[in-house]
Amino acid sequence: MNHLSPDGYLLFGTRLVRMFAYGFLSVVLVLYLAKLGLNEGLIGLLLSLALIGDAAISLWMTTNADRFGRRRILIVGAGLMLFAAVLFALTDNVVLLLTAAIVGVISPSGYEVGPFLAVEQAALSQIIPDERRTSVFAWYNLVGSFATATGALGGGIFSQSLQQVGISPVNSYRAVVIGYGAIGLLLAALFTRLSPLVETAISDSLPAGYRLGLHRSRGVVLKLSALFGLDAFAGGFVVQSLVAYWFHVRFGVEPATLGGIFFGSNILAGISALAAARVAARIGLVNTMVFTHLPSNFLLMLVPLMPNLWLATLVLFVRFSISQMDVPPRQSYTMAVVAPDERSAAAGVTGIARSIGAAISPGLAGAFLSSPTLFGAPFFVAGGLKVVYDLLLYRSFARGERAKAGTSIG
């Protein structure tokens, strides 16, 4: 990583700050909403609407980022983080909470939301050599996972520490929400420091067939988007905040312990992402996506079958130790199959497909969690659908990559 430019290091820094904020909030978000009086079904609906609203706003922002300016789009996204936090902290009115969830940028999963990932990937792809892309993306994901892990640990310890000195649970969780907003403000300030080198030159005359920021690569991007959307729909059943709630109800786990569990999970996920670059160099990007993802899905389905907290946590940790090995190859493959002036849009469209997919399932997961007999169902549904995604991805793209062996692995 010693060959990154100042802009590259700054983009790694914004990733670190943002993912810390997402982890910080995710462990207590559902607990906070429950303390405000929302039931499981309404919480699931709110999380779904948060992701749907994010998808709609981010679609416009990412597909226009290369034309209107990547730095501007990133700053606006940080402002939407602050907006969501302010409303969540100030009110328990369901309508206002839904408004904040739909319009603002808030992460129930601890993973990326908003326009940031797509635009940062496009900017990084512009300032690094193609042959180093997968490796840089692996480190980029490692930084994000470590930051999410630290944020999850910090959010759990911070809220429980406040409770131990006499602050009510709801106000301890509200303090975490306020911290999330403050980090959004810091993020906006950091984005102003990016140089014009992260921008791309866009011709005033649009290419033939130009739609959603795409032209010649639109077909492959839409096909990838459909598959990634299925994967994200499956993952939406087990977003981090819902899994934290499941552990809290199933085993009576307190916030600080939840923070520790998800600290360990995200550290392991980051390490798995770093290993992906070497694996992809040997077996290819698509093979890495599929062959590392399949076993993690079977492990996910084992979690609710565990009889105690220790075993459930162990299985979760093993699952996270390989669960993110598909992410850097997926990101690198998307950047490799499109033209440079399509990169923000391609990352945005595939990212939006993931957001839409993930937006639908938390509402269904909330319904499952409200039923004692279906309490473990989100894990089984998520794992099963992810297996289907892996098989479809391999069938659709593995042969094409073999035909172009070596051309898209950097």
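Computed from a prediction, not measured in an experiment: that's the story for all the values here.

1. Overview of the overall build of the protein chain
Looking only at helices and strands, the protein chain has 16 helices and 0 strands in total. Since a compact globule built from 410 residues should have a radius of gyration of about 22 Å, the 20 Å found for the protein chain is in line with a globular shape. Projected onto its principal axes, the C-alpha coordinates of the protein chain cover approximately 60 × 40 × 40 Å. Taken over 410 residues, the protein chain has a buried fraction of 58%. Restricting the contact set of the protein chain to residue pairs at least 6 apart, pairs at least 24 apart contribute 84%. Of the roughly 15,400 Å² of accessible surface on the protein chain, a fraction of 67% belongs to carbon and sulfur atoms. Charged side chains in the protein chain number 27 positive and 18 negative. The centres of these two groups are separated by 5 Å.

2. Brief notes about the packing of aromatic side chains
By the definition in use, this model includes 15 aromatic pairs. When the ring of tryptophan 246 is compared with that of phenylalanine 375, the centres are 6.1 Å apart and the planes differ by 20°; the resulting orientation is stacked. On the criterion of sequence distance, the pair formed by tryptophan 246 in helix H10 (residues 240–251) and phenylalanine 375 in the loop between helix H15 (343–369) and helix H16 (377–403) is long-range, its members being 129 residues apart. Judged by relative accessible area, which is 2%, tryptophan 246 ranks as buried. In this structure phenylalanine 375 comes out as buried when scored by relative accessible area, which is 15%.

3. Focus: helix H14 (residues 327–336)
Taking burial as the measure, the 10 residues of H14 include 9 buried ones, the bulk of the element. For H14, the complete set of buried residues consists of Val327, Pro328, Pro329, Arg330, Gln331, Ser332, Tyr333, Thr334 and Met335.

4. Structural notes on the packing of helix H1 (residues 6–35) against helix H7 (residues 133–164)
Between H1 and H7, the least distance of the axes is 6 Å, while the angle of their chain directions is 35°. Seen from above, H1 lies across H7 with right-handed handedness. Here the contact of H1 with H7 is built from residues that sort into 15 nonpolar, 9 polar and 2 charged.

5. Here we look at the environment of serine 172
With respect to the helices and strands, serine 172 occurs in helix H8 (residues 169–191). Note on serine 172: relative accessible area 0%, which makes it buried. In sequence terms serine 172 and arginine 70 are 102 residues apart; their C-alpha atoms lie 36 Å from each other. Those residues in contact with serine 172 that lie beyond four places of it in its chain are Ser159, Leu162, Gln163 and Ile167. A polar contact of 3.1 Å, which involves the side chain of serine 172, links it to the side chain of glutamine 163.

6. Points about the nonpolar core
Formed by 97 residues in total, the largest nonpolar core has its most connected members in Leu33, Leu46, Phe88, Tyr180, Phe247 and Phe262. Among the elements that make up this core, the one with the highest residue count is H1 (16 residues). Those residues in contact with phenylalanine 262 that lie beyond four places of it in its chain are Val27, Ala149, Ala152, Gln240, Val243, Ala244 and Leu316. By size, the runner-up hydrophobic cluster in this structure holds 15 residues, among which are Phe228, Val286, Met289 and Leu393.

7. Description of a nonpolar patch on the surface
Nonpolar side chains collect at one region of the surface, where Phe83, Ile102 and Val103 lie side by side and expose about 200 Å² of accessible area between them. Among the secondary structure elements, valine 103 is positioned in helix H5 (residues 94–103).

8. Regarding the side chain of serine 125
Mapped onto the elements, serine 125 comes out in helix H6 (residues 116–127). Under the relative-accessibility criterion, serine 125 is labelled buried at 3%.

The rules behind each value
- Residues numbered from 1 in each chain as written.
- Predicted model: local features only at pLDDT ≥ 70, side-chain atom pairs only at ≥ 80, totals over all residues.
- Heavy atoms only, no water.
- Helix = DSSP H or I, 4+ residues; strand = E, 2+ residues; numbered from the N terminus.
- Rg over C-alpha atoms; globule rule 2.2 N^0.38 Å.
- Buried < 20%, exposed > 50% of the residue type's maximum accessible area, 1.4 Å probe, protein only.
- Contact = heavy atoms within 4.5 Å.
- Areas by Shrake-Rupley, 256 points an atom, 1.4 Å probe, with all protein chains shown as cover.
- Lys, Arg positive; Asp, Glu negative; His and termini not counted.
- Charge placed at Lys NZ, Arg CZ, Asp CG, Glu CD.
- Phe/Tyr/Trp six-rings, centres within 6.5 Å; stacked < 30°, edge-to-face > 60°.
- Axes fitted to C-alpha atoms, helices over the stretch in contact; angles between N-to-C directions.
- Left-handed = near helix turned anticlockwise from the far one by under 90°.
- Nonpolar A, V, L, I, M, F, W, Y, C, P; charged D, E, K, R; others polar.
- Polar contact = N/O pair within 3.5 Å; in protein donor to acceptor, adjacent residues only side chain to side chain.
- Core = buried A, V, L, I, M, F, W, Y, C linked by side-chain atoms within 4.5 Å.
- Patch = residues over 30% accessible without salt bridge, like charges linked within 9 Å, V, L, I, M, F, W, Y side chains within 5 Å.
- Salt bridge = Lys/Arg side-chain N within 4 Å of Asp/Glu carboxyl O.

So yeah, pure geometry; function would need other evidence.
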